[in-house]
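Listed below, chain by chain, are the residues.
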Protein chains: 2
Amino acid sequence: MATPDPVHSNPVRLRVFSLNCWGIRYLSKHCAQRYAMIGDLLAKEQYDVVLLQEVWSEKDFDSLKKRLVCSHPHGHYFKSGVIGSGLAIFSKHRIQDTFCYRYSLNGYPYMIQHGDWFGGKAVGMALLNIGNITAHVYVTHLHAEYSREKDSYLPHRVVQAWELQQFIRYTSAGADVVIAAGDFNMHPMDLGNRLLRTYTDLRDAYVETPSFDGCEDGGTMIADNPNNDMVPSEKGIRIDYILFKGSAKMELHCESMSTTKGSVPNHTFPYSDHEALTVELRLDRVSQDKPQGDGPPGRGSERTAELVDIVTEARTEVKVGLHCAQRMCYTATRTGVMGLALLLLELAIAAVPWLALGTPQPFPSVSFYLLGTLCFAILLTTSLLYVFYSIEIKCLQEAEDQMRLAVGCLQERLRGFPVGTLRSAGVPESQPRAVEPKE
Amino acid sequence: MATPDPVHSNPVRLRVFSLNCWGIRYLSKHCAQRYAMIGDLLAKEQYDVVLLQEVWSEKDFDSLKKRLVCSHPHGHYFKSGVIGSGLAIFSKHRIQDTFCYRYSLNGYPYMIQHGDWFGGKAVGMALLNIGNITAHVYVTHLHAEYSREKDSYLPHRVVQAWELQQFIRYTSAGADVVIAAGDFNMHPMDLGNRLLRTYTDLRDAYVETPSFDGCEDGGTMIADNPNNDMVPSEKGIRIDYILFKGSAKMELHCESMSTTKGSVPNHTFPYSDHEALTVELRLDRVSQDKPQGDGPPGRGSERTAELVDIVTEARTEVKVGLHCAQRMCYTATRTGVMGLALLLLELAIAAVPWLALGTPQPFPSVSFYLLGTLCFAILLTTSLLYVFYSIEIKCLQEAEDQMRLAVGCLQERLRGFPVGTLRSAGVPESQPRAVEPKE
């Protein structure tokens with residue numbers, strides 16, 4: 001728990017909690033009871049910051065807010081998509097400001113059984129003031145992975161990870177402390193995760209902590225959880241994260257981390273189908289005598305080379321998605337044209353005898369109207385799909401352009417071109433920038 | 001033109017150009033010829049940074065890029081929406097990175113005659129490195145105002161202005177120089193403009209410049225422009241802007257500004273239906289002896305009070321939009337239910353005699369199928385509208401929540417609550433933050 005006045009006491013400690021609540025009303029098992037359990041836990045544990053995902057109903061957020069009015073007087077629900085982003089934050093410390101970035105790509109509206117599109121996935125940022133420490137806290141939920149072998153949403157998730165790292169890099173420039181958590185739907189070494197961590201320099205609490213109490217390999221979706229029937233391996237998978245970094249002014253250390261382990265003492269079911277994550281972070285003010293920098297010499301160029309590889313890999317993935325979207329757009333266009341041709345043909349066949357010969361149209365009327373309706377439905381559907389795929393193509397192209405530009409700049413940097421160029425983009429340099437001469 | 005090595009020469013000068021190109025292929029008058037003229041002008045004038053809007057076709061961007069390969073080797077087109085955001089940047093200086101924020105609200109897809117929705121309006125950011133100066137350059141285009149008296153898009157434009165100021169405030173924290181330009185579709189004292197300028201502290205080049213050569217009152221859509229038949233007043237209106245601000249390290253001054261005046265010498269038509277803007281900015285490195293701060297004491301609280309008023313006004317406007325969207329959503333739902341009821345009724349009337357009495361259904365088949373098609377079309381359309389309005393409602397609610405939070409924090413600040421709270425949010429304080437004790 002953060003001390004009341006962090007300026008005069010060192011170190012400050014922050015306890016952060018993250019949970020995907022699996023809060024689909026009427027569909028998720030024991031939804032109301034689980035929310036009550038979550039509320040009790042949060043009220044009792046008094047974490048400094050609580051980051052929730054899949055709070056799909058605002059009513060549930062509101063009831064949590066009421067429950068936590070004493071322990072966490074500050075809260076925000078990020079509204080997005082058709083049903084809401086599902087992202088929520090509760091805090092013991094005043095939330096000064098919030099900002100929401102909606103990912104440009106997030107699945108397909110016609111994949112209703114997956115439903116991600118309707119959730120309007122986003123990253124929510126909250127600006128907290130803890131004494132005179134400015135913390136930028138991010139909560140996010142990326143597109144789900146429904147099949148690891150044939151993951152048709154991979155390009156979307158990679159673009160989401162790309163936008164997430166951009167958003168965090170650029171909006172955290174003024175922060176003393178950066179915390180990002182959520183359900184990333186990516187395994188630890190997945191492309192999007194590497195992209196995010198390497199670009200933003202965020203550190204993974206599970207990797208950093210000296211003291212971990214939780215499931216094997218840090219799993220957050222485990223077979224032992226009775227709510228969970230989709231775990232691909234016995235050991236479970238780690239797809240929920242708490243990441244953090246400090247700043248030139250503030251060093252962060254993860255003192256301990258724990259997760260729930262699939263069951264809750266004295267309860268018959270767990271909090272969710274995911275495990276809850278808790279970390280305790282220690283904040284140390286950086287001594288002004290301490291030299292700045294990012295590690296041993298040469299580390300900067302190593303990281304830049306690594307970034308070049310990762311962004312190139314991401315670009316390839318986006319290109320695959322682009323190829324696929326262009327093919328789908330082409331198919332929609334072709335089908336639409338065929339629907340239109342069929343409609344015109346039908347009208348012509350019906351109209352020609354009537355206009356030229358004055359005889360009634362040769363179709364049985366049932367077939368005529370059914371075929372007409374079918375053509376009309378095809379035209380409408382393919383038009384909508386055309387619009388949707390065109391937007392998807394534009395977003396994929398934009399991400400690919402940005403990646404190409406980034407790789408070009410990183411490569412130039414590797415070749416020793418202009419120095420100090422990536423400072424404000426958040427890419428750490430091996431050497432601090434020289435102090436500019438006073439003019 | 002920026003000097004080749006700005007570190008060793010002071011002051012640096014930057015020439016920035018902005019133009020809404022009105023580049024709708026086959027619809028805008030003299031489109032190809034105007035692009036050729038624009039290309040010639042840019043190649044000749046060699047501005048440091050060129051910010052274009054309404055470049056609706058990527059082919060036109062590509063041909064401009066080819067034309068400017070010598071004068072402006074760096075360029076980026078921001079892809080968004082169905083046809084592209086229309087936003088483009090050309091630069092003499094290397095573009096290090098780009099980032100695109102798509103506005104959450106941008107008109108309605110069924111308002112095809114207005115077309116804004118299809119453009120996917122956004123703000124594009126480019127990170128330029130000019131010597132060792134980091135410039136964050138923003139180009140944007142907000143939703144058009146089709147009727148000043150009955151502006152149904154006002155809430156959308158206010159939300160766009162809100163998101164724009166958030167995006168600029170948070171992503172410019174690491175910049176030495178900030179430049180934002182584009183077609184804001186807002187008059188100088190319109191709500192969105194006040195919101196943007198007051199929150200971000202960006203300064204309007206037209207107001208700041210000691211030397212202006214252009215149309216009366218700085219108009220950028222004027223009656224003298226033969227391409228322009230929509231100007232509401234004789235004098236014209238000012239809706240295109242170049243805004244700028246420096247940083248603690250760098251002071252910016254607008255030395256001169258000019259606009260085109262509705263015609264181009266030796267040409268029969270102007271560059272666009274908007275006037276082009278050019279500014280010359282002088283960058284002075286701030287002396288480290290110079291005291292920091294933001295003006296006379298008390299200015300901070302004055303500005304905070306002003307912000308409270310402006311954000312409250314914006315919140316009211318968003319609430320009006322929210323009320324309207326909720327009504328539309330309700331209407332769509334009601335119409336959908338009626339369509340469904342009609343369809344069921346029709347099926348019942350047709351089925352009952354057939355099932356119960358074995359007689360053929362009483363409808364003439366033409367009416368039966370036509371009515372069925374109509375019901376089906378109503379159901380489909382209202383479902384799509386319901387989804388669209390639900391998303392609109394969520395976005396408006398999110399903006400309103402954010403505004404409420406912001407007003408609350410600003411009011412607390414006015415009452416003298418925690419100091420130093422809004423620093424990283426970009427709101428200047430009247431007094432600089434005290435240096436924290438070294439621990």
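If you're wondering where the values come from, they're calculated on a predicted model, not measured in any experiment. (Residues numbered from 1 in each chain as written. Chains lettered and ligands numbered in written order. Predicted model: local features only at pLDDT ≥ 70, side-chain atom pairs only at ≥ 80, totals over all residues. Heavy atoms only, no water.)

Draft legend 1. Spatial organisation of unusual backbone geometry. All names here are of chain B. One non-glycine residue with positive phi stands out, namely Trp 22, at about 50°. Of note in this structure, Glu 54 is not a glycine but carries a positive phi near 55°. Mapped onto the secondary structure, Glu 54 falls in the loop between strand 2 (49–53) and helix 2 (58–67). (Helix = DSSP H or I, 4+ residues; strand = E, 2+ residues; numbered from the N terminus.)

Draft legend 2. Representation of the sheet that holds strand 7 (residues 133–141) of chain A. Residues and elements named next belong to chain A. Pairing within the open sheet is mixed, and its six strands lie in the order 5-6-7-8-11-9. Only two strands of the sheet have a single partner each, and these edge strands are strand 5 (95–102) and strand 9 (203–204). The pairing of strand 8 (residues 177–183) with strand 11 (residues 240–245) spans six bridges and is antiparallel. Note that in strand 11 the partner of Val 178 across the bridge is Lys 245. (Pairing = 2+ DSSP bridges.)

Draft legend 3. Molecular detail of the sheet that holds strand 12 (residues 250–259) of chain B. Residues and elements named next belong to chain B. One open sheet accounts for seven strands, arranged 3-4-2-1-13-12-10; its pairing is mixed. The sheet terminates laterally at strand 3 (74–78) and strand 10 (212–213), the two strands that pair on one side only. As defined by bridge partners, strand 3 adjoins strand 4 (residues 87–91) across five bridges and the pair is classed as antiparallel. Following the sheet pairing, Tyr 77 is matched in strand 4 by Ala 88.

Draft legend 4. Inspection of the packing of aromatic side chains at higher detail. Throughout the structure, instances matching the rule amount to 39 aromatic pairs over all chains. With centroids separated by 5.5 Å and ring planes inclined at 40°, the aromatic side chains of Tyr 101 of chain A and Phe 167 of chain A adopt a geometry described as tilted. Of the two residues, Tyr 101 of chain A is situated in strand 5 and Phe 167 of chain A in helix 4 (residues 154–171); the sequence distance between them amounts to 66 residues. Exposure class is identical for Tyr 101 of chain A and Phe 167 of chain A. Each is buried. Judged by centre distance (4.9 Å) and plane angle (85°), the ring pair of Tyr 206 of chain B and Phe 212 of chain B falls under edge-to-face. On the basis of relative accessible area, Phe 212 of chain B is assigned to the partly exposed category, the value being 29%. Three or more aromatic residues joined by ring pairs make a cluster, and in this case those are Phe 99, Tyr 101, Tyr 103, Tyr 138, Phe 167 and Tyr 170 of chain A together with Phe 99, Tyr 101, Tyr 103, Tyr 138, Phe 167 and Tyr 170 of chain B. (Phe/Tyr/Trp six-rings, centres within 6.5 Å; stacked < 30°, edge-to-face > 60°. Buried < 20%, exposed > 50% of the residue type's maximum accessible area, 1.4 Å probe, protein only.)

Draft legend 5. Geometry of the pattern of salt bridges. Scanning the model with the defined rule gives 54 salt bridges over all chains in all. For Arg 67 of chain A, the salt bridge goes to Asp 40 of chain A, with nearest N and O atoms at 2.9 Å. Of this pair, Arg 67 of chain A sits in helix 2 (residues 58–67) while Asp 40 of chain A sits in helix 1 (residues 31–45), and the two are 27 residues apart along the sequence. Residue Arg 67 of chain A is classed as partly exposed on the basis of its relative accessible area of 41%. Residue Glu 255 of chain B pairs with Arg 282 of chain B through a salt bridge whose shortest N-O separation is 2.8 Å. Of this pair, Glu 255 of chain B sits in strand 12 while Arg 282 of chain B sits in strand 13 (residues 277–285), placing them 27 residues apart in sequence. Taken together, the shared-partner salt bridges in this structure form one network comprising Arg 13, Glu 255, Glu 280, Arg 282 and Asp 284 of chain A. (Salt bridge = Lys/Arg side-chain N within 4 Å of Asp/Glu carboxyl O.)

Draft legend 6. Looking closely at the relation of the copies chain B and chain A. With an axial shift of 0.0 Å and an RMSD of 0.1 Å, the rotation relating chain B to chain A amounts to 180°. Taken together, the rotation and translation relating the two chain copies correspond to the operation of a two-fold axis. Judged by C-alpha distance, Thr 171 of chain B is the residue of chain B that lies nearest the rotation axis, at 2.4 Å. (Least-squares fit on C-alpha atoms with pLDDT ≥ 70 in both.)

Draft legend 7. Local environment of helix 1 of chain A. Residue and element names in this part refer to chain A. Relative to the 21 Å expected for 15 residues at 1.5 Å per residue, helix 1 spans 21 Å between its end C-alpha atoms, a close match to the ideal helical length. Against strand 1 (12–20), strand 2 (49–53) and helix 2 lie the buried residues of helix 1. Within two residues after helix 1, Gln 46 carries a phi angle of roughly 50°, on the positive side. (Expected span 1.5 Å × (residues − 1). Contact = heavy atoms within 4.5 Å.)

Draft legend 8. Summary view of the packing of helix 8 (residues 365–414) of chain A against helix 8 (residues 365–414) of chain B. Two elements in contact, helix 8 of chain A and helix 8 of chain B, have axes whose closest approach is 9 Å; the angle formed by their N-to-C orientations is 15°. Here helix 8 of chain A lies roughly parallel to helix 8 of chain B, going by the angle between them. The two elements helix 8 of chain A and helix 8 of chain B meet at a crossing, and its hand is right-handed. Contacts between helix 8 of chain A and helix 8 of chain B involve Ser 365, Val 366, Tyr 369, Leu 370, Thr 373, Leu 380 and Leu 384 of chain A from the first element and Ser 365, Val 366, Tyr 369, Leu 370, Thr 373, Leu 380 and Leu 384 of chain B from the second. (Axes fitted to C-alpha atoms, helices over the stretch in contact; angles between N-to-C directions. Parallel < 35°, antiparallel > 145°, perpendicular 65-115°, else oblique. Left-handed = near helix turned anticlockwise from the far one by under 90°.)

Draft legend 9. Summary view of the confidence of the model for chain A. Residues and elements named next belong to chain A. For chain A, per-residue confidence averages 88 on the pLDDT scale, and 89% of positions sit at 70 or higher. Every residue in residues 419–439 scores below 50 in pLDDT, and together they form 55 contacts with partners more than four places removed in sequence or on other chains. Here the complex is predicted with pTM 0.91, and the ipTM for its interfaces comes to 0.90. (pLDDT = per-residue confidence, 0-100.)

Draft legend 10. Just the domain arrangement of chain A, in detail. Residues and elements named next belong to chain A. Structurally, chain A comprises domain 1 (11–285) and domain 2 (299–424). Contacts between domain 1 and domain 2 engage 21 residues on the former and 23 residues on the latter. Taking both sides of the interface into account, the surface hidden between domain 1 and domain 2 amounts to around 1,900 Å²; carbon and sulfur atoms contribute 71%. For the pair domain 1 and domain 2, the interface holds two salt bridges. The salt bridge partner of Glu 313 is Arg 194, with a shortest N-O separation of 3.0 Å. The interface formed by domain 1 and domain 2 includes seven residue pairs in polar contact (both at pLDDT 80 or more). For the side of domain 1 that touches domain 2, the secondary-structure elements that each account for two or more residues are helix 4 and helix 5 (191–200). If you tally residues by element for the side of domain 1 that touches domain 2, the top one is helix 4, at eight residues. (Domains from an automatic or database assignment. Buried area = accessible area lost by both parts, 1.4 Å probe. Polar contact = N/O pair within 3.5 Å; in protein donor to acceptor, adjacent residues only side chain to side chain.)

Draft legend 11. A look at the interface of chain B and chain A. Facing 74 residues of chain B, the contacting portion of chain A comprises 75 residues. For the pair chain B and chain A, the two sides together bury roughly 6,900 Å², of which 54% comes from carbon and sulfur. The residue Arg 102 of chain A makes a salt bridge to Glu 163 of chain B at a minimum N-O spacing of 3.9 Å. The interface formed by chain B and chain A contains 19 residue pairs in polar contact (both at pLDDT 80 or more). Residue contributions to the side of chain B that touches chain A peak at 20 residues, all from helix 8 of chain B. Looking at the side of chain B that touches chain A residue by residue, the class counts come to 29 nonpolar, 25 polar and 20 charged. (Nonpolar A, V, L, I, M, F, W, Y, C, P; charged D, E, K, R; others polar.)

Draft legend 12. Layout of the environment of Leu 127 of chain A. Examined against the element boundaries, Leu 127 of chain A turns out to sit in strand 6 (residues 122–130). Residue classification places Leu 127 of chain A among the buried residues on the basis of a relative accessible area of 0%.

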